[in-house]
Each structure stands twice: as C-alpha cells, then as structure tokens.
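Residue-level listing of the chains:
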Amino acid sequence: MDTMGVLGFVLGIFGLMAYCSMGPLKRRIEVLESALSKMEGTAFHENRESLFRIAQDCIGQKVKIELKEDHEDVDIVMYGNSKYGCNIILDADRDWMAVEVDGPKGSKTKLIRMESIKKITKE
C-alpha cells in the first residue's frame, strides 16, 4: 500500500470511531433535554411542546420570559422581567403567545412568536 492509501485507511478508522461514539452522546443529550423540560415552572425552547404546555398552564399568571438574543424585545426585557413590572400571559397557541407587559408607562399587549422564546419561568 502506498502512503495515501494508509492515510485514508487511518482516517477512515478515526471517522468510524467518532461516528460510533456519537450514539451514546446523542442519547444522553436527549435525556438531559427531557429532564430540563420537566423542571417545575420552566420550559426551554428546545422542547417546543413543553414550552407550549407551560404557556397554556400560565395563562393569567405572572411569568418571566427569556427571549433568544436575536429576538429581544425592549419592553419585555426592560419592564416585564424587572421588579417594576411583570409579564402576564393572556393567551397562547403553538405559534404565538399574547403577553401583557406592565411597565412604568402602563400596560402593553405584545404578540411573541413561540420560536423566539428561549425560556418561560413562573414567578
């Protein structure tokens, strides 16, 4: 065998080893995501069904909403999650959530895409 053939064989073996080691790691990540989504009062975006369920359970209640970085909303971040205001979930479906944001200048109703929510925590 020439050196290119040996190098290809060695790299193939390393690739096979890496592929085989990913199976258990993927299963561990799925178990951790499942455990996180079942935490009391918290739903993480990675499990969209869990996020929807917690939003449905919290209708009419005060919550803290954490949005993804690229979907930040000034009213929710500055007022709704502070000690001076609150977020109250008015309604939620699988795609949208209606939130009343109570701030220093009064209340505002906001529509938030479920895709933009990272976490909801009961207060």
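Residues numbered from 1 in each chain as written. Predicted model: local features only at pLDDT ≥ 70, side-chain atom pairs only at ≥ 80, totals over all residues. Heavy atoms only, no water.

## Let's talk about the nonpolar core
Nonpolar side chains in soluble globular proteins generally cluster together in the buried interior. Let me state the cut-off plainly: Buried Ala, Val, Leu, Ile, Met, Phe, Trp, Tyr and Cys residues form a nonpolar core when they are joined through side-chain atoms within 4.5 Å. Accessibility here uses a 1.4 Å probe with only protein chains present; expressed as a share of the type maximum, an area under 20% marks a residue as buried, one over 50% as exposed, and anything in between as partly exposed. To qualify as a helix, a DSSP run of H or I must reach at least 4 residues; to qualify as a strand, a run of E must reach at least 2; elements of each kind are numbered from the N terminus.
Ala55, Ile65, Met97, Ile112, Ile117 and Ile120 are the most contacted members of the largest nonpolar core, which has 18 residues in total. Going through the elements one at a time, α2 (48–57), β2 (62–67), β3 (86–92), β4 (96–103) and β6 (117–122) are the ones with two or more residues in this core. The element that contributes the greatest number of residues to this core is α2, accounting for 4 residues.

## Observations regarding the pattern of salt bridges
Applied cut-off: A carboxyl oxygen of Asp or Glu within 4 Å of a side-chain nitrogen of Lys or Arg is what we treat as a salt bridge.
Throughout the structure, instances matching the rule amount to 3 salt bridges. Across the pair Glu66 and Lys119 runs a salt bridge whose closest N-O atoms are separated by 3.8 Å. Of the two residues, Glu66 sits in strand β2 while Lys119 sits in strand β6, which places them 53 residues apart along the sequence. Lys119 gets classed as partly exposed once you look at its relative accessible area, which sits at 24%. The partner of Arg113 in a salt bridge is Glu115, and the shortest N-O contact between them spans 3.6 Å. Ionic contacts of the salt-bridge type, sharing partners, join the residues Glu66, Lys118 and Lys119 into one network.

## Here we look at the packing of aromatic side chains
One pair of aromatic rings is described through two measures. These are the centre distance and the angle between the planes. Under the convention used in this document: Any pair of Phe, Tyr and Trp rings, taking the six-membered ring for Trp, is counted once the centres come within 6.5 Å. Such a pair is stacked with planes under 30 degrees apart, edge-to-face with planes over 60 apart, and tilted for the rest. In this analysis the charged atom, NZ for Lys or CZ for Arg, is taken to sit over a ring once it is within 6 Å of the ring centre and within 35 degrees of the ring normal.
Applying the stated criterion across every chain, the model contains 0 aromatic pairs. The side chain of Arg113 reaches across the aromatic face of Trp96, ending 4.7 Å from its centre.

## Some words on the pairing of β4
Put simply, the rule reads: Between any two strands, pairing holds if DSSP finds at least two bridges.
Sheet topology note: the β3/β4 ladder contains 6 bridges and is antiparallel. Residue Ile89 lies in a different strand from β4, and its bridge partner there is Val99. Where β4 meets strand β5 (residues 106–113), 8 bridges bridge the pair, whose relative direction is antiparallel. By the bridge assignment, Gly103 is partnered in β5 with Gly106. Here β4 folds back onto β5, and the loop between the two strands holds 2 residues.

## Side note on the confidence of the model for the chain
Using the following cut-off: Per residue, pLDDT measures the predictor's confidence, with a range of 0 to 100.
Averaged over all residues, the pLDDT of the chain is 80; the fraction at 70 or higher stands at 79%. Ranking the elements of the chain by mean pLDDT puts strand β1 (residues 42–44) last, at 47, and β3 first, at 89.

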